[in-house]
Amino acid sequence: AAAAAAAAQPGAEDKASLERDVATLRIDVERQPGNAMLQLQLATTLHQLNHLNPDGGSRIPEAAKAYRAALDGLPADDSLYINIQGNLGALLLAGNEPEGAIQELSAALQQAQAQQLPLHHSAGLLFNLGKALTTVGRLKEADEAYAEAAQAAYGHDLSSYSKSIAAPRSIREEAAMQAVQVAKAGRLFFQQQQGLGFLREAKLADADSQVLPQSLQGEQADWISSAASIELVWLHFAIHKHYHSLKQYDLAWQYLDLGNRLMAAHTPHRHEQEERNLRHIKAIFRAPIISSGLQNDSAIFVVGMPRSGSTLVEQMLASHSQVKDACHIHPFYLL
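Keep in mind the model is a prediction, meaning the values are calculated, not measured. (Residues numbered from 1 in each chain as written. Predicted model: local features only at pLDDT ≥ 70, side-chain atom pairs only at ≥ 80, totals over all residues. Heavy atoms only, no water.)

J.: Could you clarify how one ought to interpret the layout of surface pockets in this entry?
T.: Rolled over the atoms, a probe with the dimensions of a water molecule shows which regions are left empty. Approximately 300 Å³ is the volume attributed to the second largest pocket. Taken together, 15 residues line the second largest pocket, and the ones lying closest to its centre are Ala147, Gln151, Ile171, Arg172 and Ala175. Elements represented by at least two residues in the lining of the second largest pocket include exactly helix 7 (139-153), helix 8 (158-166) and helix 9 (173-190). Considering every element that reaches the lining of the second largest pocket, the biggest residue donor is helix 7, with six residues. In terms of residue class, the lining of the second largest pocket is made up of seven nonpolar, four polar and four charged. (1 Å grid on protein atoms, 1.4 Å probe; cavity = no way out; pocket = protein on both sides within 12 Å on 5 of 7 lines; lining within 4 Å. Points joined across faces, edges and corners; volume = space filled by probe spheres on them. Helix = DSSP H or I, 4+ residues; strand = E, 2+ residues; numbered from the N terminus. Nonpolar A, V, L, I, M, F, W, Y, C, P; charged D, E, K, R; others polar.)

Following this line, the structure appears as structure tokens:
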């Protein structure tokens, strides 16, 4: 999605620059409303700004309108059409409109199939479709979409592959063993990097007993060696989840430990940043909670300070068969 182009460490200058671009593009679009490329530029810039500085979705309607205007100005067989439709689906998903996202992503996938595009071009579409299906509770379909996304990404995109393997509720045995091989190849490639020497010391009974296939060696494994090592994090978490479900707790713990160490190597904990965030939150939330008067016990809100265990409580509640995980509620940013 276009939003992926946002800076990894957003700052005030990035936000101000994008806001200036939006202001200029609005003028250009008003002068040339039928220019599909200008509409697309406006849509992607708003999409990036929403990703960089979420505010509850105030920019999403305008971005969606611009994406649709861009689509209206292009033939359906244009090479850009599928990408734009996929971006629109991702935008609607971010804007808490999963049904609209499902519609756009499904249409983009149908168009990709009609154009007979290579399967790996659809990996991102399938992954986002899985997220949208999960949001509306269509979990079996979501798991199928994630499985398709993983296989589409295999051999081409480690990031999409790892996240697609980690996303479903469970992994099929064949897919899990494939992930074990990819994770082993990744550890062999990245163990020379600074700060990742611990990967060389990893002793995993399942991986050590396997010989890597030719497809995961040499030039054929460029899709792994050319990726960022942080992509291995989700892969190790996925394998941990698989072994945990099989009650193979020793292996599960080893993969969880490696995943956490990989994450810490890339995003070390910064105590000062945590303190700033906590002071900011305390400064904002001073007023007492006001009851809306709504008599409805169907929703359970779990709130708390960062690192206080609110996510753990949410996951424990969501493990009940009659409770659905709604994840973090982004519209509350507006408050």
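J.: When you look at helix 7 in this model, what are you seeing that I'm missing?
T.: Structurally, the α-helix is built with 3.6 residues per turn, so residues lying three or four positions apart point the same way. Between its first and last C-alpha atoms helix 7 spans 21 Å; for 15 residues at 1.5 Å apiece the expected length is 21 Å, and the two agree. Buried residues of helix 7: Ala142, Asp143, Ala145, Tyr146, Ala149, Ala150, Ala152 and Ala153, and no others. In this structure, the buried residues of helix 7 make contact with helix 6 (123-135), helix 8 and helix 11 (222-225). Two residues or fewer past helix 7, glycine 155 is found with a positive phi of approximately 85 degrees. (Expected span 1.5 Å × (residues − 1). Buried < 20%, exposed > 50% of the residue type's maximum accessible area, 1.4 Å probe, protein only. Contact = heavy atoms within 4.5 Å.)

J.: Whenever I open this one, the packing of aromatic side chains confuses me. Can you help?
T.: To describe a pair of aromatic rings, one takes the distance between the centres and the angle between the planes. According to the stated counting rule, one finds six aromatic pairs in the structure shown. Taken together, the ring pairs connect Tyr154, Tyr161 and Trp223 into an aromatic cluster. (Phe/Tyr/Trp six-rings, centres within 6.5 Å; stacked < 30°, edge-to-face > 60°.)

J.: Even after reading the chapter, I still don't get the packing of helix 2 (residues 36-52) against helix 3 (residues 60-72), so can you show me in this structure?
T.: The packing of two helices is summarised by the inter-axis angle and the distance between the axes. The geometry of helix 2 relative to helix 3 is characterised by a closest axis approach of 8 Å and an angle of 150 degrees between their N-to-C directions. Regarding the angle of helix 2 to helix 3, the classification is roughly antiparallel. Where helix 2 crosses over helix 3, the handedness of that crossing is left-handed. Residue-level contacts link Ala36, Gln39, Leu40, Leu42, Ala43, Thr44, Leu46, His47 and Asn50 of helix 2 to Ile60, Glu62, Ala63, Ala66, Tyr67, Ala69 and Ala70 of helix 3. Partitioned by chemical class, the residues of the contact of helix 2 with helix 3 number 11 nonpolar, four polar and one charged. (Axes fitted to C-alpha atoms, helices over the stretch in contact; angles between N-to-C directions. Parallel < 35°, antiparallel > 145°, perpendicular 65-115°, else oblique. Left-handed = near helix turned anticlockwise from the far one by under 90°.)

J.: Just to check I follow, could you spell out the packing of helix 12 (residues 231-245) against helix 13 (residues 249-266) for this structure?
T.: Between helix 12 and helix 13, the least distance of the axes is 8 Å, while the angle of their chain directions is 160 degrees. In terms of their interaxial angle, helix 12 and helix 13 are classed as roughly antiparallel. Handedness of the helix 12/helix 13 crossing: left-handed. Contact residues: helix 12 offers Leu232, Val233, Trp234, His236, Phe237, Ile239, His240, Tyr243 and His244, while helix 13 offers Tyr249, Leu251, Ala252, Tyr255, Leu256, Leu258, Gly259, Asn260, Leu262 and Met263. Class assignment of the residues belonging to the contact of helix 12 with helix 13 gives a composition of 14 nonpolar, five polar and no charged.

J.: Teacher, can you tell me more about helix 12 here?
T.: With 15 residues, helix 12 extends 22 Å between its outermost C-alpha atoms, agreeing within 8% with the 21 Å of an ideal straight helix rising 1.5 Å per residue. Burial runs high along helix 12: 11 of the 15 residues are buried. When we look at burial in helix 12, the residues that qualify are Glu231, Leu232, Val233, Leu235, His236, Phe237, Ala238, Ile239, His240, His242 and Tyr243. Summarising the contacts, the buried residues of helix 12 are in contact with helix 8, helix 9, helix 10 (205-208) and helix 13.

J.: Help me understand the nonpolar core, please; the structure alone is not making it clear to me.
T.: Residues Tyr161, Ile165, Val182, Ile224, Leu235 and Tyr255 are the most contacted members of the largest nonpolar core, which totals 82 residues. When residues no more than four places from it in sequence are discounted, the contact partners of tyrosine 161 are Ala150, Ala153, Tyr154, Ala175, Gln178, Ala179, Val182, Trp223 and Leu235. (Core = buried A, V, L, I, M, F, W, Y, C linked by side-chain atoms within 4.5 Å.)

J.: I would appreciate a short explanation of the environment of isoleucine 84 in the present structure.
T.: Inspection of the secondary structure assignment puts isoleucine 84 in helix 4 (residues 79-94). On the accessibility criterion, isoleucine 84 (2% relative accessible area) is buried. Put simply, isoleucine 84 and leucine 52 are 32 residues apart on the chain and 19 Å apart in space, counted from C-alpha to C-alpha.

J.: When you look at unusual backbone geometry in this model, what are you seeing that I'm missing?
T.: Note: most residues except glycine have negative phi, and most peptide bonds are trans. You will see that asparagine 96, though not glycine, has its phi angle at about 60 degrees, which is positive. Positive phi is not limited to glycine here, since glutamine 116 has a value of about 55 degrees. Mapped onto the elements of the fold, glutamine 116 is located in the loop between helix 5 (98-114) and helix 6. Owing to a relative accessible area of 72%, glutamine 116 belongs among the exposed residues under this scheme.

J.: Before we go on, may I ask you to explain the environment of glutamine 220 in this structure?
T.: By the element assignment, glutamine 220 lies in the loop between helix 10 and helix 11. Expressed as a C-alpha distance, the spacing of glutamine 220 and glutamine 111, which sit 109 residues apart in the sequence, is 29 Å. Not counting chain neighbours up to four residues away, the residues in contact with glutamine 220 comprise Gln214 and Ser215.

J.: What am I meant to see in the pattern of salt bridges here?
T.: Applying the stated criterion to the full structure yields five salt bridges. Arginine 138 is the partner of glutamate 141 in a salt bridge, and the nearest nitrogen-oxygen pair spans 2.8 Å. We note a salt bridge from lysine 163 to glutamate 231, for which the minimum N-O separation is 3.1 Å. Of this pair, lysine 163 sits in helix 8 while glutamate 231 sits in helix 12; the two residues are 68 residues apart in sequence, bridging distant segments of the chain. Look at lysine 163 and you get partly exposed, because its relative accessible area is 30%. (Salt bridge = Lys/Arg side-chain N within 4 Å of Asp/Glu carboxyl O.)

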